[in-house]
Structure formats: structure tokens, C-alpha cells
Amino acid sequence: MAELENPSVMPKVVAFLSSLLKRVSESNDLNKEQLLHQKISVFHGLTRPSISIQSYLERIFKYANCSPSCYIVAYVYLDRFTQRQPSLPINSFNVHRLLITSVMVAAKFMDDMYYNNAYYAKVGGITTIEMNFLEVDFLFGLGFHLNVTPGTFQAYCAHLQKEMLMMQPHLDFENSSSLSLGKSLKSHLCFNDDESSHQNQQQQQQQLAV
């Protein structure tokens, strides 16, 4: 998704991802059945952070200085995490810690140069020790499945781009009626590597047929 390199695009991506995570968090906050079966983890705060999800992600975007691709990969990681850890749904008590951790892990995996845990801890408003614990738990929660194939990356980019285009020209993220991406993350039905590979195989077969 070459458009990610456009300086005017990333703020829209950040705003969209923030809106998505806000909707998912609020929906899961109201899900009493999930609350009953939810595990308490290192990502779970005692109280809801006073900073909004969008302000928090904008702060990460401002100070992390990671490549634009990291935010797509972080979204992939969050999707994988929620699929592998159904007892840890994204909600208002853990979304901020999951965000800072997913972006940091994505930056370490994607970028040649990146800041250390102590720096990300300052950006995220937590201690370095807590950042270290969050990283370890996140990696184990992912099953150390960090590789993102080009097909998977393009699938997530295309889906995000499609949703964002549907919201233009007003880009009313808070009140948009387009919730399919939020639903996909909440219900764990977003693209995975197998689905992406299957889509690529179908495309290749169609090209060969032509």
C-alpha cells in the first residue's frame, strides 16, 4: 500500500484504527458474558486510562517514528492475539497497553532501526519493567507468530483502504455506519494467512486461466 508513505494518509489511518478499537472496546465492555469469562492479564489496568484511544495512538505515531507499515502489522498482531486469546477480548481496560505493545513489537520486527523498551515505556506512560512484561506476554500470546506474508499484509491494507474510502469525503470516524471492520476484529473473522494464501491461489488460477 504505497499510499501509506503519503504524509496526509497516515493521520487518517491512525484516526480510523482508533475509531475501530474504540468501537470494539466499548462493545466488549458491554458484553456481560465476556466479562464473566475474561481473564485478568498484565494488559488489564485497574481503571480506564483518562487519555482517549485516538490521542494515545496519535502520541505513539508522533514519537515512535516507526515506518507506516508497522501500524498495519500491529493491527495484524492485534487480530491474531484476539483470535489466539479469546478470554482476553480488547476492552477499555487493556486496549492502551495492547496498542503500545503491538506497535513496539511490529517496529522491532519490521524496521532496521527502532527505539528500545525504555523509550516506548515513556511514550506509553508506563514503567520499563511493565513494558518488558507486556512484550513477553504479547509474544507468548501470539505464539511468536510474527511473520506477516505479503499476501496477508496486502489483504489487511486493502480492507482498511476500502473501509476508509467508504467513509470519505467526510471521514466521520465516530459516527460512521460502516462497522464491518470493527465486527471482523471483534468476532475474530478478519483475514489470516491461510485465507490470504487461498485468495492468492484463486487469483493465480484465474490469471493462468486467462
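Residues numbered from 1 in each chain as written. Predicted model: local features only at pLDDT ≥ 70, side-chain atom pairs only at ≥ 80, totals over all residues. Heavy atoms only, no water.

Asks: Is there a simple way to explain the packing of helix α4 (residues 69-84) against helix α5 (residues 95-110) in this structure?
Replies: Packed helix pairs are specified by the crossing angle of their axes together with the interaxial distance, meaning the distance between the axes. One way to put it is that α4 packs onto α5 with a least axis distance of 8 Å and a crossing angle of 120 degrees. Here α4 lies oblique to α5, going by the angle between them. Note on packing geometry: the crossing formed by α4 with α5 is right-handed. When α4 is examined against α5, the residues Ser 69, Cys 70, Tyr 71, Val 73, Ala 74, Tyr 77, Leu 78 and Phe 81 are found in contact with a partner set consisting of Leu 98, Leu 99, Ser 102, Val 103, Val 105, Ala 106, Ala 107, Phe 109 and Met 110. Per-class residue counts for the contact of α4 with α5 are 15 nonpolar, two polar and no charged. (Axes fitted to C-alpha atoms, helices over the stretch in contact; angles between N-to-C directions. Helix = DSSP H or I, 4+ residues; strand = E, 2+ residues; numbered from the N terminus. Parallel < 35°, antiparallel > 145°, perpendicular 65-115°, else oblique. Left-handed = near helix turned anticlockwise from the far one by under 90°. Contact = heavy atoms within 4.5 Å. Nonpolar A, V, L, I, M, F, W, Y, C, P; charged D, E, K, R; others polar.)

Asks: I keep staring at the confidence of the model for the chain and nothing clicks. Help me out?
Replies: Regions with low pLDDT carry predicted coordinates that are not meant to be interpreted in detail. When pLDDT is averaged across the chain, the result is 77; 71% of the residues are at 70 or more. When the criterion is pLDDT under 50, residues 170-210 qualifies, and its contacts beyond four places in sequence or with other chains add up to 66 contacts. (pLDDT = per-residue confidence, 0-100.)

Asks: Help me understand α4 in this model?
Replies: Side chains that are three or four residues apart share a direction in an α-helix, a result of its 3.6 residues per turn. For α4, spanning 16 residues, the distance from its first C-alpha to its last is 23 Å, which sits close to the expected 22 Å at 1.5 Å a residue. Across the 16 residues of α4, 14 count as buried, placing the element largely inside the fold. (Expected span 1.5 Å × (residues − 1). Buried < 20%, exposed > 50% of the residue type's maximum accessible area, 1.4 Å probe, protein only.)

Asks: Is there a simple way to explain the packing of α4 against helix α7 (residues 128-141) in this structure?
Replies: At a minimum axis separation of 9 Å, α4 and α7 run at an interaxial angle of 70 degrees. Considering the angle they form, α4 stands roughly perpendicular to α7. Taken together, the residues of α7 that come into contact with α4 (itself represented by Tyr 77, Leu 78, Phe 81 and Arg 84) are Asp 137, Phe 138 and Gly 141. Within the contact of α4 with α7, the residues separate by chemical class into four nonpolar, one polar and two charged.

Asks: I would appreciate a short explanation of the nonpolar core in the present structure.
Replies: Most often, soluble globular proteins have nonpolar side chains that are buried together. The biggest cluster of nonpolar side chains holds 53 residues, and the ones touching the most others in it are Ile 60, Tyr 71, Tyr 77, Tyr 120 and Phe 138. Of all the elements, α4 adds the most residues to this core, at ten residues. (Core = buried A, V, L, I, M, F, W, Y, C linked by side-chain atoms within 4.5 Å.)

Asks: I keep staring at the packing of aromatic side chains and nothing clicks. Help me out?
Replies: The geometry of an aromatic ring pair is captured by two quantities: the separation of the ring centres and the angle between the planes. Applying the stated criterion to the full structure yields eight aromatic pairs. Ring centres of Phe 43 and Phe 138 lie 6.3 Å apart, and the angle between their planes is 70 degrees; on these two criteria the pair is classed as edge-to-face. One end of the pair, Phe 43, is in the loop between α2 (32-37) and α3 (53-64); the other, Phe 138, is in helix α7, with 95 residues separating them in the sequence. Look at Phe 43 and you get buried, because its relative accessible area is 2%. Classification of Phe 138 by relative accessible area gives buried; the value is 0%. Judged by centre distance (5.0 Å) and plane angle (80 degrees), the ring pair of Tyr 75 and Tyr 156 falls under edge-to-face. Here the residue Tyr 75 occupies a position in helix α4, and Tyr 156 occupies one in helix α8 (residues 150-167), the gap between them amounting to 81 residues. (Phe/Tyr/Trp six-rings, centres within 6.5 Å; stacked < 30°, edge-to-face > 60°.)

Asks: Would you mind going over a nonpolar patch on the surface with me for this structure?
Replies: On the surface, a nonpolar cluster with roughly 290 Å² of combined accessible area is contributed by Val 42, Ile 129 and Phe 133. Tracing the chain through its elements places Phe 133 in helix α7. (Patch = residues over 30% accessible without salt bridge, like charges linked within 9 Å, V, L, I, M, F, W, Y side chains within 5 Å. Areas by Shrake-Rupley, 256 points an atom, 1.4 Å probe, with all protein chains shown as cover. Salt bridge = Lys/Arg side-chain N within 4 Å of Asp/Glu carboxyl O.)

Asks: Whenever I open this one, the side chain of Ser 92 confuses me. Can you help?
Replies: If you trace the backbone, Ser 92 turns up in the loop between α4 and α5. Owing to a relative accessible area of 14%, Ser 92 belongs among the buried residues under this scheme. Look past the residues within four positions of Ser 92 in its chain and what remains in contact with it is Ser 25, Asp 29, Arg 48 and Pro 49.

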